[in-house]
Amino acid sequence: MFKLKKKSNIDYAAPHIRQQAFRMRLLKFYKEIEFNDDVYNHNATMILKGTLPYKFVNEIERLRLEHEKKKKEKWEKIKRKSATTMGLQVRNIVANAVKKAL
C-alpha cells in the first residue's frame, strides 16, 4: 500500500527572527543559572547585541542543551514513578506505619 511521507516542519520565519529567538533561548537559560544581576546584565547585553564571539555562544548553547536533557530525564523519571524521591520516601513511611498498625 502507498504510504504518505510526513512533511518536515519548514521554518518560514525571517533569519533575524530566528536569530533573536535563539538569543532569547540562551538568555532564558542564562537567567536560570546566573544570580548576580550586574554580571547577568553585562553578559546578556553582549549576547543580545551579538558582540560575544560565536565560539562562546556555541559553548553556552551546548550547556543549555545538556541542561534541557537533564531536566527532561528528571521529569521522565518523576513521571514514571509518579513521585519525586522525597515523595517515595514519604510513601514508604506511610506504608510502614500502616503495616505496623495492622
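Residues numbered from 1 in each chain as written. Predicted model: local features only at pLDDT ≥ 70, side-chain atom pairs only at ≥ 80, totals over all residues. Heavy atoms only, no water.

**Considering the overall build of the protein**
The number of helices and strands found in the protein is 4 helices and 0 strands. In the protein, the succession of helices and strands from N to C terminus is α-α-α-α. Taken over the C-alpha trace, the protein has a radius of gyration of 22 Å; the compact-globule value for 102 residues is 13 Å, which it surpasses by more than 25%. Per-residue burial over the protein gives 16% buried out of 102 residues. Entry remark: accessible area of the protein is about 9,300 Å², with carbon and sulfur atoms responsible for 60%. In the protein, 25 side chains carry a positive charge and 11 a negative one; their mean positions are 10 Å apart. (Helix = DSSP H or I, 4+ residues; strand = E, 2+ residues; numbered from the N terminus. Rg over C-alpha atoms; globule rule 2.2 N^0.38 Å. Buried < 20%, exposed > 50% of the residue type's maximum accessible area, 1.4 Å probe, protein only. Areas by Shrake-Rupley, 256 points an atom, 1.4 Å probe, with all protein chains shown as cover. Lys, Arg positive; Asp, Glu negative; His and termini not counted. Charge placed at Lys NZ, Arg CZ, Asp CG, Glu CD.)

**Comments concerning the nonpolar core**
The biggest cluster of nonpolar side chains holds 10 residues, and these are Leu26, Leu27, Phe29, Tyr30, Tyr40, Ala44, Ile47, Leu52, Val57 and Ile60. Among the secondary structure elements, those contributing two or more residues to this core are α1 (15-33), α2 (37-49) and α3 (54-81). Among the elements that line this core, the one with the most residues is α1, at 4 residues. Each residue touching Phe29, except ones within four places of it in the same chain, is listed here: Ile60, Leu63, Arg64 and His67. (Core = buried A, V, L, I, M, F, W, Y, C linked by side-chain atoms within 4.5 Å. Contact = heavy atoms within 4.5 Å.)

**Description of the packing of aromatic side chains**
Under the defined criterion, the tally for this structure stands at 1 aromatic pair. Here the aromatic rings of Tyr30 and Tyr40 are separated by 5.5 Å at their centres, their planes lie at 25°, and the arrangement is stacked. Placement of the pair is Tyr30 in helix α1 and Tyr40 in helix α2, with a sequence separation of 10 residues. Accessibility assignment for this pair places Tyr30 and Tyr40 in one class, buried. Of note, Lys31 hangs over the ring of Tyr40, and the distance from its end group to the ring centre comes to 4.6 Å. (Phe/Tyr/Trp six-rings, centres within 6.5 Å; stacked < 30°, edge-to-face > 60°. Lys NZ or Arg CZ within 6 Å of the ring centre and 35° of its normal.)

**Re the confidence of the model for the protein**
Per-residue confidence for the protein averages 89 on the pLDDT scale, and 99% of its residues sit at or above 70. Across the protein, element-level confidence peaks in α2 with a mean pLDDT of 94 and bottoms out in helix α4 (residues 85-101) with 86. (pLDDT = per-residue confidence, 0-100.)

**With respect to the pattern of salt bridges**
By the definition in use, this model includes 4 salt bridges. Of the charged contacts, one joins Lys31 and Asp37 as a salt bridge, the two residues approaching to 3.3 Å between their closest N and O atoms. Glu61 serves as the salt-bridge partner of Arg64, at 2.9 Å between the closest nitrogen and oxygen. Pair noted here: Arg64 and Glu61 are both in helix α3, with a separation of 3 residues, about one helical turn. Using a relative accessible area of 11% as the deciding quantity, one classes Arg64 as buried. (Salt bridge = Lys/Arg side-chain N within 4 Å of Asp/Glu carboxyl O.)

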